[in-house]
Amino acid sequence: MTPQKRTVAILIFDDVELLDFAGPFEVFSSVRNLTGEHERLMDVFAVAESLAPVRCRNGLVVQPERTIDECPPVDVLVIPGGAGVRPALEQSRLVEWVRARAQEAELTVSVCTGSFLLARAGLLSGRQATTHWERISEMRERFPDVEIVEDERWVDTGEIITAAGVSAGIDVALHVVRRLYGADVARATALGIEYDYWE
């Protein structure tokens, strides 16, 4: 039987941290069925407030595929971090979109300071969460209703998973693949991208 195919939306915005979204994008777009024609199991796209090119924190310019207004229902929502999170926290329309989409998605995943956006949307209240090690203190101060976990690559609380910074996005994406498709598919995906899988 062919495993369920899923749709993944990765939010991007100006000054997003490149690997925060590109790492999960690579992992999810590499997931294949282990039998038959080895078809792709996850349809992945970048979504932004508009279709204008997005300039990442390190200067790379990326073209989003969908806008938040045109985004179809998704199974997995990924919220990356970066310097652009700070202005995003003040954009009530974007925060509300994250809240609404997270409530509909099977899983919502943040990487790095993307967890701040989840917290602002009220999605981390009373939950454990993590973020980039440099932002732990700030997150504790800004969101005292969140139980911050240090020294973990990711924290899985069920339908919401938060990851530490940058390269931890690859680890959490493989964890998501393992949850959704099993350890064999996760290991095959890690092998395909030549990544030492964090089990």
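Please refer to the structure placed before this passage.
Residues numbered from 1 in each chain as written. Predicted model: local features only at pLDDT ≥ 70, side-chain atom pairs only at ≥ 80, totals over all residues. Heavy atoms only, no water.

Please give an account of the overall build of the chain that cites residues and values.
A tally of helices and strands in the chain yields seven helices and eleven strands. Against the 2.2 N^0.38 benchmark of 16 Å for 199 residues, the chain shows a C-alpha radius of gyration of 16 Å, consistent with a compact globule. Principal axes of the C-alpha set define a box for the chain whose edges measure 50 × 35 × 30 Å. For the chain, the residues scored as buried account for 53% of the 199 residues in total. (Helix = DSSP H or I, 4+ residues; strand = E, 2+ residues; numbered from the N terminus. Rg over C-alpha atoms; globule rule 2.2 N^0.38 Å. Buried < 20%, exposed > 50% of the residue type's maximum accessible area, 1.4 Å probe, protein only.)

How would you explain helix α7 (residues 183-192) if you had to name every residue and give the values?
Within the sequence span of α7, burial applies to V185, A186, T189 and A190. Burial along α7 is one-sided: seen end-on, the buried residues are contained in an arc of 135°. Structural note: α7 exposes L191 and G192 on the side pointing more than 90 degrees away from its buried face. Contacts made by the buried residues of α7 are with α1 (18-29) and α6 (168-181). Looking one or two places after α7, you find E194, whose phi comes out positive at around 50°. (Arc of directions from axis to C-beta. Contact = heavy atoms within 4.5 Å.)

Can you explain the environment of A190? Please cite residues and give values.
Locating A190 in the fold gives a position in helix α7. Accessibility expressed as a relative area gives 1% for A190, which makes it buried. A190 sits 159 residues away from V31 along the chain, and the two C-alpha atoms are 9.1 Å apart. Contacts of A190, omitting those with residues within four sequence positions, involve L174, Y195 and Y197.

Help me get a handle on the sheet that holds strand β2 (residues 42-48), residues and values and all.
In space, the seven strands of this open sheet follow the order β5-β2-β1-β6-β7-β11-β10, with mixed pairing throughout. Every other strand in the sheet has two partners, leaving β5 (66-67) and β10 (154-156) as the edge strands with one partner each. In terms of strand pairing, β10 meets strand β11 (residues 160-163) through three bridges, oriented antiparallel. Its bridge partner being in β11, V155 is matched across the sheet by T162. (Pairing = 2+ DSSP bridges.)

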